[in-house]
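Inside the fold
Spelled out, the chains give:
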Amino acid sequence: MSISTSFLKEKLSKKPKDKRNLFLLRAGFIRPGSTAAAGMSEADAEKRARMAVVARKKLKNLHMFVSPTRLVVHNLPKPLTDKAFRSMCFIAAGNPDAKITECRIWRDRNKLGTSGEAVSRGFGFVNFLNHEDALSAMKHLNNNPDIFTKEKRPIVEFSIENLVALRLRESRLKKSQQNQKGNEQVICDKNKLDLEQTKKHLSAGGQKPLPSYLGPKIRKRDANMKKAQVKQKIGKKRKLQVRMSGTVLKKRKTNHIAEATPKKKKTSRSKQLTKYLTLSG
């Protein structure tokens, strides 16, 4: 027993190989029925489940990875401007020195609003310079009923990116960023440390990046109740079987007794008459 427990401890203490930052998906995941999902609307719960399925499909491609600094925010109101979205994300980070490198709402270019601007598609992206700021912003915004409405809360996750597309983008911006190499190296090292800490926290106890079961949380009490109900059903079935078998045995016994007792031979009327006539004569 001691060998098995020590083996399990070693297995759980091992650092997961997560080069694509898959464990960051768990940071924004909220299971229906959990305390974090209290008051969540059915529409939001369904949307989250759909997004989790899409994320799984995307990550089957090995070129896709989870960005440690870029967030995707869903359920944005249509009238929300890019400026308001940026200030909302900056406040959510809770750091006055937080730096946002990208913040924009995704818009439908084919549809124009009354102001002449393209209509919002209900989601946007925000990219922080530091992972720590992105994580704190996500924690503050995700499923917060005080941000928009209680029925339609922000759904915030770390964005899934394409490595090939990202490298192309980086190569284009390489020339303009040559002067800031020293500062970027320090930030990059800090991000790596922060990211490792986040991964350790999210992968504690040998958890998967996304749980295999995405449905509502099954509590122990409910599970025990279900087990008890199943046991009751099995017990009832067994009782019925015993009763049925008892009745069958009784029938068999009665049939056996009936077969064992000799039956009286019935004499025909003609034979009885002949016997009577012979006796009378």
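Everything in this summary refers to the structure shown in the same document. All of these numbers come straight from a predicted model, not from anything done at the bench. (Residues numbered from 1 in each chain as written. Predicted model: local features only at pLDDT ≥ 70, side-chain atom pairs only at ≥ 80, totals over all residues. Heavy atoms only, no water.)

Moving on, we come to the packing of aromatic side chains. Applying the stated rule across the entire model yields 3 aromatic pairs. Considering the side-chain rings of W106 and F123, the 6.3 Å spacing of their centres and the 25 degrees angle between planes classify their relative orientation as stacked. Note that W106 is positioned in strand 2 (residues 100-112) and F123 in strand 3 (residues 118-128), a separation of 17 residues in sequence. Residue W106 is classed as partly exposed on the basis of its relative accessible area, which comes to 27%. Judged by centre distance (5.0 Å) and plane angle (70 degrees), the rings of W106 and F125 are edge-to-face. (Phe/Tyr/Trp six-rings, centres within 6.5 Å; stacked < 30°, edge-to-face > 60°. Helix = DSSP H or I, 4+ residues; strand = E, 2+ residues; numbered from the N terminus. Buried < 20%, exposed > 50% of the residue type's maximum accessible area, 1.4 Å probe, protein only.)

Next up on the list: the sheet that holds strand 2. Across the sheet, which stays open at both edges, the 4 strands sit in the order 2-3-1-4 with antiparallel pairing between neighbours. Edge positions in the open sheet fall to strand 2 and strand 4 (155-162), since each of these has one partner strand only. Taken pair by pair, the neighbouring strands of this sheet meet at an average axis angle of 35 degrees, ignoring direction. The pairing of strand 1 (residues 64-74) with strand 3 spans 5 bridges and is classified as antiparallel. In the sheet register, R70 faces strand 3, and the bridge partner there is N127. Across the face of the sheet, helix 3 (residues 42-58) comes into contact with strand 1 and strand 4 while running at roughly 15 degrees to strand 4. In the packing of helix 4 (residues 82-93) onto the sheet, the strands contacted are strand 1, strand 2 and strand 3, and the crossing angle to strand 2 comes to about 150 degrees. (Pairing = 2+ DSSP bridges. Axes fitted to C-alpha atoms, helices over the stretch in contact; angles between N-to-C directions. Contact = heavy atoms within 4.5 Å.)

Here we take up unusual backbone geometry. Of note in this structure, N21 is not a glycine but carries a positive phi near 60 degrees. Within the secondary structure layout, N21 lies in the loop between helix 1 (2-13) and helix 2 (25-28). On the basis of relative accessibility, which here comes to 6%, the residue N21 falls in the buried class. You will see that N143, though not glycine, has its phi angle at about 60 degrees, which is positive. Mapped onto the elements of the fold, N143 is located in the loop between helix 5 (131-141) and strand 4. Accessibility expressed as a relative area gives 7% for N143, which makes it buried.

On to the side chain of E102. Positionally, E102 belongs in strand 2. Residue classification places E102 among the buried residues on the basis of a relative accessible area of 18%. A polar atom in the side chain of E102 sits 2.9 Å from the side chain of R70. One polar contact links E102 to R104, side chain to side chain, over a distance of 3.2 Å. For E102, the residues in contact, after removing those within four places along its chain, are R70, F125, V126 and N127. (Polar contact = N/O pair within 3.5 Å; in protein donor to acceptor, adjacent residues only side chain to side chain.)

V66, L71, F85, C89, F128 and F158 are the most contacted members of the largest nonpolar core, which totals 33 residues. Elements with a minimum of two residues in this core: strand 1, helix 4, strand 2, strand 3, helix 5, strand 4 and helix 7 (181-202). (Core = buried A, V, L, I, M, F, W, Y, C linked by side-chain atoms within 4.5 Å.)

Counted by the stated rule, this structure contains 5 salt bridges. Between E102 and R104 there is a salt bridge, and its shortest N-O distance comes to 3.2 Å. Salt bridges here are not isolated pairs; linked through shared partners, they connect R70, E102, R104 and E161. (Salt bridge = Lys/Arg side-chain N within 4 Å of Asp/Glu carboxyl O.)

Moving on to the pairing of strand 3. Across the 11 residues that make up strand 3, a large majority, 9, are buried. Pairing between strand 2 and strand 3: 8 bridges, direction antiparallel. Bridging across to strand 3, E102 finds its partner in N127. What sits between the antiparallel neighbours strand 2 and strand 3 is a turn of 5 residues, in which G116 has the positive phi angle 90 degrees.

Take the packing of helix 4 against helix 5 next. As a packed pair, helix 4 and helix 5 sit with axes 7 Å apart at the nearest point and diverge in direction by 100 degrees. Looking at the two axes, helix 4 sits roughly perpendicular to helix 5. Here M88, C89, A92 and A93 of helix 4 lie close against helix 5, whose contacting residues are D133, S136, A137, H140 and L141. Of the residues in the contact of helix 4 with helix 5, the class split is 6 nonpolar, 2 polar and 1 charged. (Parallel < 35°, antiparallel > 145°, perpendicular 65-115°, else oblique. Nonpolar A, V, L, I, M, F, W, Y, C, P; charged D, E, K, R; others polar.)

All we've got here are geometric facts, nothing functional implied.
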